[in-house]
Amino acid sequence: MASTPISNNVLVIPINTATPAPSEPSSYDHLRGTDTPIVIDNGATTLRWGFATSATPNCQPNVITKYKERKTNRPLLLFGDGVEAESGAKAQARTPWENDVLLNFDALENALDYVFLNLGIDTETVSHPVIMSERLATPSHSRGLTSELMFEQYSVPSLTYCVDSLMSLYQNKHQGRRRAYSADGLVISLNTASTSVIPVLNGRGILSRAKRIPWSTSQAYEYLQKLIQVKYPSFPTRITGTHTSWIFQNVCEFSPDYTILLRSLRDPLQMRANERIIQFPFTAPIESEKTEEELARIAERRREQGRRLQEMAAKQREEKLLEQENHLDYLQVLKSSKTNSTDFMDRIKADGFYDEISLDEAIKKLETSVKRRRKKNLVENEEAATEEPLWPLADVPDDQLDEDGLKEKRRQKLMKAGYEARLKNRRGKEREKALKEEAARRENEEREHDLQGWTSKIRAEHEAAMEKLRERKRRKAALSDRKSATAQARMKTIASLASDTPTGKKRRKGNGEDNFGANDDDWSVYRKLNTGAASSDEEDDLAQLHTLEAKLLEHDPLFTEADTYSVLSTQRSALVEAYRPRYDEGNVAGQCRVHLSVERWRVCEPWFTPGMAGVDTAGLGEVIANILASFSDQEKVRLVGNVFLTGTPAQVPGLGERLHATLRPIIDPDAQVRITQASDVGLDAWRGMRAFANADKESLIKFSVSKREYEEWGGERIKRWWGGNWNWAV
């Protein structure tokens, strides 16, 4: 999938919506009855197959799944691109490989069924010799079951196993049928789950000195996914393995010297210049612009809804108040019946009270609630009142009123007391408002008379307020460390307050009485003890700070938003800002972006330093040094003169330069280091197998295992030859 760049360093994750067309089986008529070999490159990621007469192989992802179609409820067996076409089938997909070992032979059998059907073979048996690739040092169990499939299930006449990386070298170095194959070199094969290094002399792989490290693209994809998840823990889009594989193939590369690279990236400008931005799919919100008339209608509708809600709330409060007053009257009558009735306890229990105390508590709660609701109703009408309300019964003697009049008198007295209290509070607010206006007037005069002096004074107050908040933060941070001096002083204060022995008068200053609390600062000791509680002083300090900042932003041209406390307290260093830039909450496209800078090279570095990814093994440079140490100086020169890279991951940029920088210090200065790459890192293994099968059919028959030999030796045994494994070889 090709990337879609937005700018020089922004790449868009492609959305693959195309359904792959099913491949039609090839015609088998022209090959029926012949002994043309079938070439199968059984890769862990891609399966490649074809007759030896084909110029290019058929390729499909080596994955299979059993899926039940939703419409017809019919079970289906999907292979390759068909798995990607059905979204519901991906969760059940399986591959014949587990890491770098062939283990799932049911999946392998299904894959081979697809191969032979695609080749058009319509006979009961496969009457063609097969040459098939396998991994370096394949376990005998895997080879035995594969041979069993080939000979027992498909009845192939012969089977030849070869190492894929050696056949890739053969494809690039053999010189035709007339000249013997005698290539030298160091074959580095980057597979799906491992990387192998095989020394080759005179065309023969020295497999006894070959090495393999358990790191390759599958681990690199997983490592990259974890790095992105750690960097963006709340990323809005799910990052899948398909995403990470695409990012790795399009963004990541090897660095000739990772340490020097990190030093250069300490400069924020260099980090920004070398970063790549991955844009994930997102849905932009649809914003419709409204006319002024529509906005006015919406505002009027909201005001009307607000008025209706206020009327409904007022009506509900009146009904609730009336209900509570009636219930209070009933409970008071019930309370007064204690002296007139002998069954008082039975009546209060019938109403849900345990005893007289619970009845008194209920009456008290109702009285408090009724008073509160009456005050609230009066406050709402207080602003609309133009004259002082009258309470005609408030001063009338009780003996002149009946029972209803006494109730109304009590209500009016409560209302009068509340009105007078609110009136007093309002007057106090008016005086406070007048004082603030006077202070603001004097401040305006001072600012107009001496703007620079006023600005300096407000800036000093602003700096003092910020320092006070910073000191409070430092204290909280110090209290989190139990060994700090602040935390130990707090423990001493707790111990002294909890001490059973009071401090004697002789130890008190002035030998007088205890004056604790006379100074307001004395009470700060409790704030020192209770560090988890919210401090009202901090809220007051923040409010004062915001007031000072508003004044400075309005009148001081040198004071900007960047100088405010909220910006300074959240300001990050330029390097951190370059490492992970922040976007506004409303920027949907920015929220769905991943910035990769160091990660581009860090993902590839475990090939040479596996420890940084938590893998306990030697790196590629150390493995190569260990292999070269077992050869003579002349052989070393022959090996490093052709360092051959193969496998699909070998096309990651920078691998050749990094290998050259790694090999140069460990070999003779006069030796030439030449690093080459397969002409087609993905297909050269299959083409090399095809070239071998076509170039020397006698050797193919000589090195293959026939059906009779399989029955005699078993499936694990193979013949030893220059392109195959040595384990269990005869």
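Residues numbered from 1 in each chain as written. Predicted model: local features only at pLDDT ≥ 70, side-chain atom pairs only at ≥ 80, totals over all residues. Heavy atoms only, no water.

## Thoughts on the overall build of the protein chain
- For the protein chain, the helix and strand inventory stands at 26 helices and 20 strands.
- Classification of the 730 residues of the protein chain by burial places 38% in the buried group.
- When contacts within the protein chain are restricted to residue pairs at least 6 apart in sequence, those whose partners lie at least 24 apart make up 66%.
- Approximately 43,600 Å² of the protein chain is accessible, and the part contributed by carbon and sulfur atoms is 49%. (Helix = DSSP H or I, 4+ residues; strand = E, 2+ residues; numbered from the N terminus. Buried < 20%, exposed > 50% of the residue type's maximum accessible area, 1.4 Å probe, protein only. Contact = heavy atoms within 4.5 Å. Areas by Shrake-Rupley, 256 points an atom, 1.4 Å probe, with all protein chains shown as cover.)

## Here we look at the environment of glycine 647
- Within the secondary structure, glycine 647 sits in the loop between β18 (643–646) and α23 (655–663).
- Exposure remark for glycine 647: the relative accessible area of 10% places this residue in the buried category.
- Sequence-wise, glycine 647 and alanine 678 are 31 residues apart; in three dimensions their C-alpha atoms are separated by 8.2 Å.
- With residues up to four places along the chain from it excluded, the contact list for glycine 647 reads Leu190 and Val681.

## Description of the side chain of serine 704
- As for its placement among the helices and strands, serine 704 is situated in the loop between α25 (697–703) and β20 (705–706).
- Owing to a relative accessible area of 4%, serine 704 belongs among the buried residues under this scheme.
- Other than its neighbours up to four places away in sequence, serine 704 contacts Ser158, Leu159, Thr160, Glu709 and Lys719.

## Structural notes on the packing of aromatic side chains
- Counted according to the given criterion, the structure contains 22 aromatic pairs.
- Relative to tyrosine 114, the ring of phenylalanine 79 has its centre 4.8 Å away and its plane inclined at 40°; by these criteria the two rings are tilted. Of this pair, phenylalanine 79 sits in strand β7 (residues 75–79) while tyrosine 114 sits in helix α2 (residues 105–118), and the two are 35 residues apart along the sequence.
- What makes phenylalanine 79 buried here is its relative accessible area of 8%.
- Residue classification places tyrosine 114 among the partly exposed residues on the basis of a relative accessible area of 24%.
- Three or more aromatic residues joined by ring pairs make a cluster, and in this case those are Trp215, Tyr221, Tyr223, Phe248, Phe254, Trp607 and Phe608.
- The ring centre of tyrosine 579 lies 3.9 Å from the NZ or CZ of lysine 231, which sits over that ring. (Phe/Tyr/Trp six-rings, centres within 6.5 Å; stacked < 30°, edge-to-face > 60°. Lys NZ or Arg CZ within 6 Å of the ring centre and 35° of its normal.)

## Some points on the pairing of β7
- The pairing of strand β6 (residues 64–68) with β7 spans five bridges and is antiparallel. Residue pairing across strands places lysine 66 opposite leucine 77, the latter belonging to β7.
- Count of turn residues in the β6/β7 antiparallel hairpin: six residues, of which asparagine 73 carries a positive phi of about 55°. (Pairing = 2+ DSSP bridges.)

## Regarding the side chain of histidine 243
- In this structure, histidine 243 sits in helix α6 (residues 241–251).
- A residue is classified by how much of its surface remains accessible, and histidine 243, at 17% relative accessible area, is buried.
- Residues within four places of histidine 243 in sequence aside, it is in contact with Ile13, Arg238 and Phe280.

## Remarks on the pattern of salt bridges
- Tallied over the full model, the rule gives 30 salt bridges.
- Salt bridges sharing common partners tie together Glu300, Arg303, Glu304, Arg307 and Arg308. (Salt bridge = Lys/Arg side-chain N within 4 Å of Asp/Glu carboxyl O.)

## Notes on the nonpolar core
- Ile247, Ile278 and Trp607 are the most contacted members of the largest nonpolar core, which totals 81 residues.
- Those residues in contact with tryptophan 607 that lie beyond four places of it in its chain are Leu190, Thr195, Ile213, Trp215, Ser216, Thr217, Ala220, Phe248, Phe254, Gly619 and Leu620.
- Residues Leu31, Phe79, Leu149 and Leu159 belong to the second largest nonpolar core, which totals 34 residues. (Core = buried A, V, L, I, M, F, W, Y, C linked by side-chain atoms within 4.5 Å.)

## Notes on the state of the cysteines
- Considering all chains together, one arrives at zero disulfides under this definition.
- Not engaged in a disulfide, the cysteine cysteine 604 finds its nearest cysteine sulfur in cysteine 252; these two sulfurs lie 5.2 Å apart.
- When its relative accessible area of 0% is taken as the criterion, cysteine 604 is described as buried. (Disulfide = S-S within 2.5 Å.)

## Points about the sheet that holds strand β3 (residues 38–42)
- With mixed pairing, six strands are arranged side by side in an open sheet as β5-β4-β3-β10-β11-β20. If you trace the sheet from one side to the other, it starts and ends with β5 (58–61) and β20, each paired once.
- Note: strand β4 (residues 46–51) against β5, four bridges, orientation antiparallel. Pairing of leucine 47 across the sheet is with glutamine 60, part of β5.

## Points about the environment of aspartate 329
- With respect to the helices, strands and loops of the structure, aspartate 329 is situated in helix α9 (residues 292–336).
- In this structure aspartate 329 comes out as partly exposed when scored by relative accessible area, which is 26%.
- Expressed as a C-alpha distance, the spacing of aspartate 329 and leucine 366, which sit 37 residues apart in the sequence, is 10.0 Å.

## Description of unusual backbone geometry
- Positive phi outside glycine occurs at asparagine 202, with the angle close to 55°.
- Topologically, asparagine 202 is positioned in the loop between β13 (195–201) and β14 (204–205).

## Side note on the packing of helix α21 (residues 620–628) against α23
- Interaxial distance between α21 and α23 falls to 10 Å at its minimum, and their mutual angle equals 50°. Taken together, the axes of α21 and α23 are oblique relative to one another. In this structure, α21 meets α23 at a crossing whose hand is right-handed. Counting all contacts with α21, which are made through Leu620, Gly621, Ile624 and Leu628, the residues of α23 involved are Leu659, Thr662 and Leu663.
- Across the contact of α21 with α23, the residue classes tally to five nonpolar, two polar and no charged. (Axes fitted to C-alpha atoms, helices over the stretch in contact; angles between N-to-C directions. Parallel < 35°, antiparallel > 145°, perpendicular 65-115°, else oblique. Left-handed = near helix turned anticlockwise from the far one by under 90°. Nonpolar A, V, L, I, M, F, W, Y, C, P; charged D, E, K, R; others polar.)

## Considerations on the packing of helix α4 (residues 164–173) against helix α24 (residues 684–695)
- Remark: α4 packs on α24, axes separated minimally by 7 Å, with the N-to-C direction vectors making an angle of 70°. Considering their axes alone, α4 and α24 lie roughly perpendicular with respect to each other. Taken as a pair, α4 and α24 cross one another with a handedness that is left-handed. Where α4 abuts α24, its residues Asp164, Met167, Ser168, Tyr170, Gln171 and Asn172 lie against Asp684, Ala685, Arg687, Gly688, Met689, Ala691, Phe692 and Ala695.

## Quick word on a positive patch on the surface
- On the surface, Lys290, Arg297, Arg301 and Arg302 cluster together into a positively charged patch.
- Looking at the element boundaries, lysine 290 is found in the loop between β16 (276–279) and α9. (Patch = residues over 30% accessible without salt bridge, like charges linked within 9 Å, V, L, I, M, F, W, Y side chains within 5 Å. Lys, Arg positive; Asp, Glu negative; His and termini not counted. Charge placed at Lys NZ, Arg CZ, Asp CG, Glu CD.)

## As for the environment of glycine 641
- With respect to the helices, strands and loops of the structure, glycine 641 is situated in the loop between α22 (633–640) and β18.
- Here the alpha-carbon distance between glycine 641 and glycine 185, two residues 456 residues apart in the chain, equals 6.7 Å.
- When residues no more than four places from it in sequence are discounted, the contact partners of glycine 641 are Gln672 and Arg674.

## Concerning helix α5 (residues 217–231)
- End to end, α5 covers 21 Å across 15 residues, agreeing with the expected 21 Å (1.5 Å per residue, within 8%).
- Taken as a whole, α5 has its buried residues at Thr217, Gln219, Ala220, Tyr223, Leu224, Gln225, Leu227, Ile228 and Lys231.
- Residues of α5 that are buried make contact with α6, α18 (574–579), β17 (593–596) and α20 (599–602). (Expected span 1.5 Å × (residues − 1).)

## A look at the pairing of β17
- Burial along β17 is two-sided: Arg593 and His595 and Val594 and Leu596, pointing in opposite directions, are all buried.
- Note that β16 and β17 share four bridges and pair antiparallel. In the sheet register, glutamine 279 faces β17, and the bridge partner there is arginine 593.

## Observations regarding the confidence of the model for the protein chain
- Taken over all residues, the pLDDT of the protein chain has a mean of 84, while the share at 70 or more is 87%.
- This model gives residues 1–7 a pLDDT under 50, and the stretch forms 14 contacts once residues within four places in sequence are excluded.
- Note on residues 505–510: pLDDT is under 50 here. Beyond four places in sequence and across chains, it has five contacts. (pLDDT = per-residue confidence, 0-100.)

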